[in-house]
Amino acid sequence: MATGNFNRALLVTGGAGFIGSHLVRRLVKHYPDTLVVNLDLLTYAGNLENLRDVENAPNYRFVKGDICDAKQVNALFEQFKFEGVFHLAAESHVDRSISDPMSFVKTNVLGTGVLLNAYRAYRADGGKFYQISTDEVFGSLTDVGFFTETTAYDPRSPYSASKASADHLVRAYHHTYQLPILISNCSNNYGSHQFPEKLIPLMINNIKQEKSLPVYGEGINVRDWLWVDDHVAAIDLIYHQGKTGETYAIGGGNEWRNIDLVHFLCDEVDTQLNRPKGTSRGLVTFVRDRAGHDHRYAIDATKLETELGWKPSVTFEEGLRLTIKWYLENSDWLNHITSGNYQEYYKKHYS
Ligand code: NAD
Ligand code: DAU
């Protein structure tokens, strides 16, 4: 086992992405006796600048690699004998899954299978294979009701179908090979370091630059928003205290119609940039709807709250103000993405 002076090794896949980088930061800081290995291919969505503050920590290692590459993945597992795996690497943007479904099938389904096989062959005792999934596998709600752990799967986009397939594989490995697994299905995350193709960072960036704000359809679709650090706190809690084989639904109880959220962002960015009240709302442009656009997602997180004592730490308005402040203060981070410079970071710092 190549964990050196560390008690255990944990693998995070997709640790250079949005949620993955917040999770890596938390694990590295909270568990100094644990070696945290981040396996990431650095696709367009992977950005090592997200991890600047922990990149030199003694208990952190970055490995550039593809979860679909069985040879590389097996060698990594053989080397580190991971106690546990936090599997986040994925193609994650619904719009991209509509224009290029096969890359979602490859990464999200095949990649998960490769990791499960490697974990089955090389894992250390006492840990779990933790599949970080999405509420989108449950489909679309009308204006009433909530998703829970027992809601039947009904994915409706290539993205959500690929995540649902991966979840099924994870459960199948549990039942067939007794692999210790966990799955959580989380609602929409927001916070710092999110790639500016997703609604909130895209809108903040456009408002800042006084560009038009493309709202799909009539803007009446509803999402249930959760601060990313509350998601990774839940992941940490579930890995360490959750029951093997179980599923947990994670959500903020925070439903917003897209148009109301975009208006809130306009007003708050105006306030933070000292623009006259109401300046940015005029940038809203209603555009053609997303194909197969799910109407509403909403999570009932009672199981996680009552069994493990988790609850969100910030209100949405508070979290959004902090998030807007972060994007406005970190224009270098945004500029590096829009210019493509962020993809040079690996070459400059790691090779
Ligand atoms: P992201 O797109 O920001 O990051 C994905 C990361 O995976 C990137 O760093 C990318 O380089 C890496 N990656 C992609 N393909 C890879 C491959 N073949 N091998 C190795 N690495 C690869 O995604 P995110 O928003 O941080 O989401 C992370 C996970 O959480 C995903 O599995 C997603 O389905 C799930 N999830 C996301 C949300 C959300 O609101 N963003 C909510 C619930 C669940
Ligand atoms: O629910 C969890 C999921 O949330 C995650 O599994 C996905 O990885 C993540 O991308 C997110 O999916 P959504 O499709 O809900 O997120 P997105 O930010 O793309 O869109 C949020 C809502 O805003 C959705 O109703 C579509 C709408 N939208 C999005 C964009 C990018 C717009 O109106 N205009 C836009 O330009």
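Residues numbered from 1 in each chain as written. Chains lettered and ligands numbered in written order. Predicted model: local features only at pLDDT ≥ 70, side-chain atom pairs only at ≥ 80, totals over all residues. Heavy atoms only, no water.

1. A look at the site of ligand 1
And then number 1: In the vicinity of ligand 1 there are 29 residues, among which Ile19, Asp40, Ser92, Tyr159 and Lys163 approach most closely.
And then number 2: A distance of 3.0 Å separates a nitrogen atom of ligand 1 from a polar atom in the backbone of Ile67.
And then number 3: A distance of 2.7 Å separates an oxygen atom of ligand 1 from a polar atom in the side chain of Ser92.
And then number 4: Across the complex, the protein chains shield 96% of the 830 Å² of accessible surface that ligand 1 would expose by itself. (Near = heavy atom within 4 Å. Polar contact = N/O pair within 3.5 Å; in protein donor to acceptor, adjacent residues only side chain to side chain. Areas by Shrake-Rupley, 256 points an atom, 1.4 Å probe, with all protein chains shown as cover.)

2. Focus on the sheet that holds strand β11 (residues 255–257)
And then number 1: Strand order in the open sheet formed by three strands is β7-β9-β11, with mixed pairing between adjacent strands. Each end of this open sheet is capped by a strand with a single partner; those strands are β7 (188–190) and β11. Put simply, the sheet's adjacent strands are angled 50 degrees from each other on average, direction ignored.
And then number 2: Examined bridge by bridge, β7 and strand β9 (residues 222–227) share three bridges and lie parallel to one another. Bridge pairing links Asn189 to Leu226 in β9. (Pairing = 2+ DSSP bridges. Helix = DSSP H or I, 4+ residues; strand = E, 2+ residues; numbered from the N terminus. Axes fitted to C-alpha atoms, helices over the stretch in contact; angles between N-to-C directions.)

3. As for helix α7 (residues 228–241)
And then number 1: With 14 residues, α7 extends 20 Å between its outermost C-alpha atoms, agreeing within 8% with the 20 Å of an ideal straight helix rising 1.5 Å per residue.
And then number 2: For α7, the buried fraction is high: eleven of the 14 residues fall into the buried class.
And then number 3: Listed as buried for α7 are Val228, Asp230, His231, Val232, Ala233, Ala234, Ile235, Asp236, Leu237, Ile238 and Tyr239. (Expected span 1.5 Å × (residues − 1). Buried < 20%, exposed > 50% of the residue type's maximum accessible area, 1.4 Å probe, protein only.)

4. Quick look at the site of ligand 2
And then number 1: Around ligand 2, the surrounding shell holds 23 residues, and the nearest of these are Thr134, Asp135, Tyr159, Arg290 and His293.
And then number 2: Between an oxygen atom of ligand 2 and a side-chain N or O atom of Glu136, the distance comes to 2.7 Å.
And then number 3: Here a nitrogen atom of ligand 2 sits 2.8 Å away from a polar atom, N or O, in the main chain of Pro214.
And then number 4: Contact with the protein chains hides 94% of the accessible area of ligand 2, taken as 680 Å² for the molecule alone.
And then number 5: Elements represented by at least two residues in the shell around ligand 2 include exactly α6 (199–208) and β8 (213–216).
And then number 6: Looking at the shell around ligand 2, its residues break down into nine nonpolar, eight polar and six charged. (Nonpolar A, V, L, I, M, F, W, Y, C, P; charged D, E, K, R; others polar.)

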